[in-house]
Amino acid sequence: LLPPIKEDTKRDDDTSETGSELGDGPEVDHFEFGPVFEKLPHLEEFRVTYGVKDCGMNFEWNLFQFTTRDCLLLSKAVKSCKTLRKFHLCRSKVDDDKVRVLISHLLDHPSLTELDLSHNMIGESGARAAGKLINRSKIVKMKLCDNKIGAPGAQAIGHALAKNTTLKCLDLRLNRLGDDGGQAICRALLKNTTLTDLNIGSNNMTEPTASILSQVLTTNTTIRTINLSCNRVGPDGGKQLQEGMEENSTVLEMDLRLTEAGQESEYCINQILKKNREDDRELRLQNEKNGIGATWRGTPALRAPRGREL
């Protein structure tokens with residue numbers, strides 16, 4: 001439903017140019033999902049984005065705010081849904097205060113395994129709350145891409161990740177981790193034995209992060225997919241990654257697009273990845289032949305740098 005059209009009120013010349021552009025009107029609460037969830041006792045997946053569709057000439061910025069009441073009602077509704085496995089809340093301007101309220105209701109949820117809070121406004125305290133959730137839930141996949149998480153938030157997530165035994169996929173691309181945050185995440189992988197998929201692309205990382213990641217490649221036998229795209233690791237970082245990959249037989253995909261890692265290093269890494277995939281395929285076929293369940297399902301496609309074929 002569209003909001004009612006408000007009658008124009010006279011304003012002083014100094015304030016007439018601001019108005020709704022700055023969103024100074026009262027916040028507008030959105031739909032309450034609690035009564036709906038009560039009628040859906042077997043709900044397993046829920047995706048929602050807060051806003052107003054087709055508002056036309058009634059557009060105001062405050063219509064697109066995820067209000068405090070919205071947050072509290074949604075948090076209670078999700079907490080009450082004991083069967084929920086996947087929860088996606090994207091593009092809703094969720095900030096630190098609201099994500100902390102939301103996560104406080106998700107702690108120890110009995111069935112939640114996938115959480116997507118991408119394209120919001122989550123910063124350091126929100127990332128610390130996410131780190132707490134990692135070790136107080138059954139979450140297997142967490143996406144926090146395109147937020148405002150910096151090094152302190154990444155360090156909190158890394159601290160949780162070092163002790164975690166359930167999370168398999170972590171997406172932190174398009175944040176502000178920097179080398180301090182990137183190194184914290186990579187150091188956690190020296191201890192973690194469950195994470196298989198890591199995306200830290202577009203986080204302003206350079207050679208120091210690549211150096212720690214090289215150590216991870218020589219010791220970690222669980223990680224399968226790593227995305228480093230759009231981080232300027234440079235030729236030195238590329239050589240260190242190559243040295244790490246020469247000691248690795250389990251990583252199946254590494255995205256090095258727009259990293260300036262150097263053509264020679266990228267070529268050598270891609271050759272190693274190709275061999276790892278072939279070995280993995282042979283192992284899975286042998287396991288199937290012997291009646292043993294495959295440990296890795298779905299081999300990713302080989303991804304070459306743009307404009308270049310292997």
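Presented here is an overview of the structure given in this document.

A look at unusual backbone geometry
Unlike most non-glycine residues, Arg-91 shows phi in positive territory, near 50°. Within the secondary structure, Arg-91 is located in the loop between strand S2 (86-89) and helix H3 (96-106). Phi is positive for Lys-93, close to 55°, though the residue is something other than glycine.

Structural notes on the environment of Met-142
Within the secondary structure layout, Met-142 lies in strand S4 (residues 141-143). By relative accessible area, which is 1% here, Met-142 ends up buried. Sequence separation of Met-142 and Ser-118 is 24 residues, and the distance between their C-alpha atoms is 9.4 Å. Residues contacting Met-142, with those up to four places away along its chain left out, are Leu-115, Ala-130, Leu-133, Ile-134, Leu-167, Cys-169, Leu-170 and Asp-171.

Observations regarding the pattern of salt bridges
For the coordinates displayed, the defined rule picks out 9 salt bridges. Note that Glu-44 is salt-bridged to Arg-85, the shortest N-O span being 3.1 Å. A residue pair is termed long-range when its members are at least 10 positions apart, and Glu-44 in the loop between helix H1 (34-38) and strand S1 (45-48) and Arg-85 in the loop between helix H2 (68-80) and S2 qualify at 41 residues. Its salt-bridge partner being Asp-279, residue Lys-275 comes within 2.8 Å of it at the nearest N-O pair. Of the two residues, Lys-275 and Asp-279 are both situated in helix H9 (residues 263-289); the distance of 4 residues between them amounts to about one turn of the helix. Lys-275 gets classed as partly exposed once you look at its relative accessible area, which sits at 48%.

Notes on the environment of Lys-168
Residue position: Lys-168 is located in the loop between helix H5 (151-163) and strand S5 (169-171). Sequence spacing of Lys-168 and Leu-198 is 30 residues, and the spatial spacing of their C-alpha atoms is 8.5 Å. In contact with Lys-168, not counting residues within four places along its chain, are Val-140, Thr-194, Leu-195, Thr-196 and Asp-197.

Some points on the nonpolar core
Side chains that are nonpolar tend, in soluble globular proteins, to be buried together. The biggest cluster of nonpolar side chains holds 68 residues, and the ones touching the most others in it are Phe-87, Leu-89 and Met-142. Excluding anything up to four places from it in sequence, Leu-89 contacts Val-48, Tyr-50, Phe-66, Leu-74, Val-94, Leu-102, Asp-116, Leu-117, Ser-118 and Asn-120.

Concerning H5
For H5, which comprises 13 residues, the first-to-last C-alpha distance of 19 Å matches the rise-based estimate of 18 Å (1.5 Å per residue) to within 8%. Of the positions making up H5, those classed as buried are Ala-151, Gly-153, Ala-154, Ala-156, Ile-157, Gly-158, Ala-160 and Leu-161. The inward-facing, buried residues of H5 abut helix H4 (124-134), S5 and helix H6 (178-189).

Points about the pairing of S2
Two faces, one strand: in a regular strand the side chains alternate between the faces of the sheet. Judged from the 4 bridges that link them, S1 and S2 form a sheet pairing that is parallel. When the sheet's bridge partners are listed, Arg-47 is paired in S2 with His-88. Note that the unit made of S1, H2 and S2 has a crossover that is right-handed. Sheet topology places S2 next to strand S3 (residues 114-116); 3 bridges connect them, and they run parallel. The partner of His-88 across the bridge, within S3, is Asp-116. The β-α-β motif built from S2, the intervening H3 and the parallel element S3 has right-handed crossover chirality.

Basis of the calculations
Residues numbered from 1 in each chain as written. Predicted model: local features only at pLDDT ≥ 70, side-chain atom pairs only at ≥ 80, totals over all residues. Heavy atoms only, no water. Helix = DSSP H or I, 4+ residues; strand = E, 2+ residues; numbered from the N terminus. Buried < 20%, exposed > 50% of the residue type's maximum accessible area, 1.4 Å probe, protein only. Contact = heavy atoms within 4.5 Å. Salt bridge = Lys/Arg side-chain N within 4 Å of Asp/Glu carboxyl O. Core = buried A, V, L, I, M, F, W, Y, C linked by side-chain atoms within 4.5 Å. Expected span 1.5 Å × (residues − 1). Pairing = 2+ DSSP bridges. Right-handed = clockwise from strand over helix to strand, strands pointing away.

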